[in-house]
Amino acid sequence: MDRPGLAYKVYVLEELDPAKCREYCCRDKGCKAWSIQNATGTGVLCALKNKVEPAAKAAGYISGIGTSKFSIAVDLQIYIDHSIVEVFVNNGQSVLTARAYPTNPDSIGVRLFATNSKVSFLKVEAWEMGSIVQES
């Protein structure tokens, strides 16, 4: 999806990184929306826009709406191993370890949420970890 409209500032990024483009928008007082595109021949383009237009289908684009100056982009890595949950914030800048009780009836699935705030997830990936126990 793209947010059509004239970009007032364009950054060339080394890789397709929507979080980085959103971060540029959050730090720029004039930014209301952003789009990122993997453009052939010119690299990855992050465009900052000063108005919010309705999202439109466009192949190769990822876009979002700029947020207040108090918003920040955060990278979370969450590891769940039976009864232990570990959360690494921004590559270990902060770490949280908690005990979970998978035998409780309400212990089904994983839920991401924010309290008293809006949150946007730019990318969510999950992998199943293999056992370290060797089968004999």
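What you are looking at is a predicted structure, and each value in this text was computed from that prediction instead of being measured.

## Overview of the environment of leucine 6
- Within the element layout of this structure, leucine 6 appears in the segment before β1 (7–13).
- Sequence separation of leucine 6 and lysine 51 is 45 residues, and the distance between their C-alpha atoms is 8.6 Å.

## Concerning helix α1 (residues 18–27)
- Every buried residue of α1 is listed here: Pro18, Cys21, Arg22, Cys25 and Cys26. Along the long axis of α1, the arc covered by the buried residues comes to 140°, so they all point the same way.
- Buried-residue contacts for α1 involve β1, β2 (33–39), β3 (43–49) and β4 (61–65).

## Thoughts on the state of the cysteines
- In this structure the tally under the stated criterion is 2 disulfides.
- Note that cysteine 21 is cross-linked by a disulfide to cysteine 46, the S-S spacing being 2.1 Å. The S-S bond linking cysteine 21 to cysteine 46 shows a torsion near 85°; that makes this disulfide right-handed. With cysteine 21 in helix α1 and cysteine 46 in strand β3, the pair connects residues that are 25 residues apart, well separated along the chain.
- Taking the relative accessible area as the measure of exposure, cysteine 21 reaches 0% and is therefore buried.
- By relative accessible area, which is 0% here, cysteine 46 ends up buried.
- The disulfide that involves cysteine 25 links it to cysteine 31, with 2.0 Å between the sulfurs. Note on the cysteine 25 and cysteine 31 pair: the S-S dihedral is about -95°, so by sign convention the disulfide is left-handed.

Rules and cut-offs
- Residues numbered from 1 in each chain as written.
- Predicted model: local features only at pLDDT ≥ 70, side-chain atom pairs only at ≥ 80, totals over all residues.
- Heavy atoms only, no water.
- Helix = DSSP H or I, 4+ residues; strand = E, 2+ residues; numbered from the N terminus.
- Buried < 20%, exposed > 50% of the residue type's maximum accessible area, 1.4 Å probe, protein only.
- Arc of directions from axis to C-beta.
- Contact = heavy atoms within 4.5 Å.
- Disulfide = S-S within 2.5 Å.

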